[in-house]
Each structure stands twice: as structure tokens, then as C-alpha cells.
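# Remarks on the overall topology
Here is what each chain is made of, one letter per residue.
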Amino acid sequence: KRMDFLSVLGWLGGIGVILFGIVFDADTGIVWENLKNFYDAPSIAVVLGGVIVALMVSFPFSIFKKIPRHLKIILFPTKFVPQDYISQIVELATEARINGLLSLEGKLQDDGDKKKGKKSDPFLRNSMMLIVDAVDPEKVKTLLETELDYLDERHAQDRAFYDKASAYAPAFGMIGTLMGLINLLKSLDDPDAIAPAMALALVTTFYGTILSNLIFTPISNKLRVRHEEEYLCKMIVVEGVQAIQAGDNPKFIEEKLTQLIPGFLAAKGLSKKGKKGKKDE
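Residues numbered from 1 in each chain as written. Predicted model: local features only at pLDDT ≥ 70, side-chain atom pairs only at ≥ 80, totals over all residues. Heavy atoms only, no water.

## Considering the overall build of the protein chain
Of the regular secondary structure elements, the protein chain holds 12 helices and 2 strands. Secondary structure elements in the protein chain, listed N-terminal to C-terminal, are α-β-β-α-α-α-α-α-α-α-α-α-α-α. Pairs at least 24 residues apart make up 79% of the contacts formed inside the protein chain by residues separated by at least 6 positions. Total accessible area on the protein chain stands at roughly 17,200 Å², and carbon and sulfur atoms take up 62% of it. (Helix = DSSP H or I, 4+ residues; strand = E, 2+ residues; numbered from the N terminus. Contact = heavy atoms within 4.5 Å. Areas by Shrake-Rupley, 256 points an atom, 1.4 Å probe, with all protein chains shown as cover.)

So, in C-alpha cells, the structure goes:
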């Protein structure tokens, strides 16, 4: 799996832009001492601690255990290429048309052996085995669509964790601001207490906004992108398996499945095919 450098660059770039805004001064240049103004331990405790405890109340521990896996999905994504799935399905449809559905069992076994070093898609293999085992078409349709619904629901629950964290972070930033303002108003007669109260009032909102807009919302959005890539390929498998079971022509199946691909992805696939064809020539 290749690392998604765009995500890494995005996070590093976001941190870099914020740091530049903190330390750069138009008159004196870089002023590293400014960083001290943006560090406040009580503010970190209020915002980060508040978000964590709110998430603990909102979600079961099983969701917390998935955080490393979510980061792995973002940084080292599994590639889901719709054109590859269509090619496999058309190849299986051709095999079924020539030698019958039972011949697919050997074909699927051979593909699994060839891909020992490369993980084959179990959803495609298991879906094809349903029609090899002569399961009723209506049952196949219901089973596969239920699997897609479950996938959608499971991924939506994972994204909801980060969506909630994104909402909680500015809220706890505002709570910290209110706490700081209350302390400020009660300490107007004590000049030494005004500065810490102002720091708590302002820095908590700063921390909450950064956590929301640089960490939690981007994670949720990237997980949504990964879900859509996987969901599209599995939807292609569901439609392809039903078409093979119905005995449709492989060319028709290819055309039908290509219609499911968004325009820009289909164009990308065609350009790759064109380049491959030129190389073969």
C-alpha cells in the first residue's frame, strides 16, 4: 500500500501556516517567543480533555479502538479501482457464458492462487460463489444489498465519531472562553490575575477551532472519500453478479457497469486503456 502523501502534506501545511502566522512579524521578522503566548495548560485540559470525555459519553469503547485503523485507512489506503472490478466481472461473465456457471468455481480458485502475494477481494469471490452454488436470484440480490447497507451504516457510524468531535471541540473552546471571562471579571481589581484569565478566555477558542478544522473534520471527510471508493466497487460487484446470474451478454454487462462510474473516473480509465493499447502496439 502506498502512503497518501496529500493527507500528510495537508496536515503539515496546515500546522506550518498556523505557526507562520504566530511567529512572523512584519517589522522584526520571525519572533519565536510568540509561541509561548499560545501555550496554556489549562486551555489544553479544558478543550482536549472535554472533547475526549464527551466522546466517551457519546460512543462505546469499540469506536475508540478503531482510531489507529482509521488513520491507517487515511494514510495507507486500499486502492479500489472500478475499471479493474469491471474487467474481472466481464472475464468471469465470458467464462460463465462459454463453460457454464459451475466453471467459475475453478476460475475463482485459480485467481486466488495467483494473488497469494496480492490480496484478492473476498466480497467479489464470496458473491460469485453464491451464484455458483445456485442460490435463488432474489436471495442473492437481498443478501448483497443488505451487505452494502451494512457497510454504509458501519462507515457512517465511524465518521459520526469524528463529526461529533468536530462539533465538541469549538463548544469546549467556547466553554473555556466563558470560564476565562468569568475569572477576568472577578479579578479586575487584581492586575496579576487578569493575564492568565485572558489567556484561558482566548486560547481555548483557538485550540477548539484548530482541532475541529484541521484534525477532526478532515479525517471525517477523508473517511467519506475512502467509503465512496469502496462502496462504488462493491456496488459494481453486486450489479455484475446479478447480471452474470441472469445470463446477460458480457459486452452488455461491461456497458452496464461502466454507466455506474462517475464521468471523470470513466474518462481516466479510458485514457489508461488508450495508453496501454499504444504500448502494446
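## Structural notes on a nonpolar patch on the surface
Together, Ile15, Leu19, Phe20, Phe24, Ile30, Trp32 and Leu35 line one region of the surface with nonpolar side chains, adding up to about 690 Å² of accessible area. Within the secondary structure layout, Leu35 lies in helix α2 (residues 34–37). (Patch = residues over 30% accessible without salt bridge, like charges linked within 9 Å, V, L, I, M, F, W, Y side chains within 5 Å. Salt bridge = Lys/Arg side-chain N within 4 Å of Asp/Glu carboxyl O.)

## Details of a negative patch on the surface
A contiguous patch of negative charge, built from Asp136, Glu138, Glu145, Asp149, Asp152 and Glu153, is present on the exposed surface. By the secondary structure assignment, Asp152 is in helix α9 (residues 137–186). On the basis of relative accessible area, Asp152 is assigned to the partly exposed category, the value being 32%. (Lys, Arg positive; Asp, Glu negative; His and termini not counted. Charge placed at Lys NZ, Arg CZ, Asp CG, Glu CD. Buried < 20%, exposed > 50% of the residue type's maximum accessible area, 1.4 Å probe, protein only.)

## Looking at the packing of aromatic side chains
Overall, the coordinates contain 6 aromatic pairs when judged by the stated rule. Judged by centre distance (5.1 Å) and plane angle (85 degrees), the ring pair of Phe161 and Tyr162 falls under edge-to-face. The exposure class of Tyr162 is buried, given its relative accessible area of 3%. Consider the rings of Phe206 and Tyr207, whose centres lie 6.0 Å apart with planes at 50 degrees: the pair is tilted. (Phe/Tyr/Trp six-rings, centres within 6.5 Å; stacked < 30°, edge-to-face > 60°.)

## So, helix α8 (residues 122–132)
Considered for burial, the residues of α8 that qualify are Phe123, Leu124, Ser127, Met128, Leu130, Ile131 and Val132. The N-cap residue of α8 is Asp121: its side-chain oxygen and the backbone nitrogen of Phe123 are 2.8 Å apart. The first or second residue beyond α8 is Ala134, which carries a positive phi of 60 degrees. (Polar contact = N/O pair within 3.5 Å; in protein donor to acceptor, adjacent residues only side chain to side chain.)

## Observations regarding unusual backbone geometry
Unusually for a residue other than glycine, Ala134 sits at a positive phi of about 60 degrees. With respect to the secondary-structure elements, Ala134 resides in the loop between α8 and α9.

## Re the side chain of Asp121
Topologically, Asp121 is positioned in the loop between α7 (103–114) and α8. One buried charge, Asp121, has no salt-bridge partner; the nearest side chain with opposite charge is Lys234, at 5.6 Å. A polar contact is formed between the side chain of Asp121 and the backbone nitrogen of Phe123, at a distance of 2.8 Å.

## Observations concerning the packing of helix α10 (residues 191–245) against helix α11 (residues 250–258)
Remark: α10 packs on α11, axes separated minimally by 10 Å, with the N-to-C direction vectors making an angle of 155 degrees. On the basis of their axis angle, the class for α10 and α11 is roughly antiparallel. With respect to the hand of their crossing, α10 and α11 are arranged in right-handed fashion. Each of Ile236, Glu239, Gly240, Ala243 and Ile244 in α10 lies in contact with α11, whose residues at this interface are Ile253, Lys256 and Leu257. Taken together, the residues of the contact of α10 with α11 sort by class into 5 nonpolar, 1 polar and 2 charged. (Axes fitted to C-alpha atoms, helices over the stretch in contact; angles between N-to-C directions. Parallel < 35°, antiparallel > 145°, perpendicular 65-115°, else oblique. Left-handed = near helix turned anticlockwise from the far one by under 90°. Nonpolar A, V, L, I, M, F, W, Y, C, P; charged D, E, K, R; others polar.)

## Looking at the pattern of salt bridges
Taken as a whole and judged by the stated rule, the model has 5 salt bridges. Where Asp158 meets Lys66, a salt bridge forms, and the shortest distance between an N and an O atom there is 3.3 Å. With Asp158 in helix α9 and Lys66 in the loop between α4 (61–65) and α5 (67–75), the pair connects residues that are 92 residues apart, well separated along the chain. For Glu239, the salt bridge is made with Lys256, and the minimal N-O distance between the two is 3.9 Å. In this pair, Glu239 is assigned in helix α10 and Lys256 in helix α11, connecting sequence segments 17 residues apart. Through salt bridges with shared partners, one network takes in Asp4, Lys222 and Arg226.

## Side note on the environment of Pro250
Relative to the elements of secondary structure, Pro250 occurs in helix α11. Judged by its relative accessible area of 11%, Pro250 is buried. Discounting chain neighbours no more than four positions away, the residues touching Pro250 are Val90, Ala93, Thr94 and Arg97.

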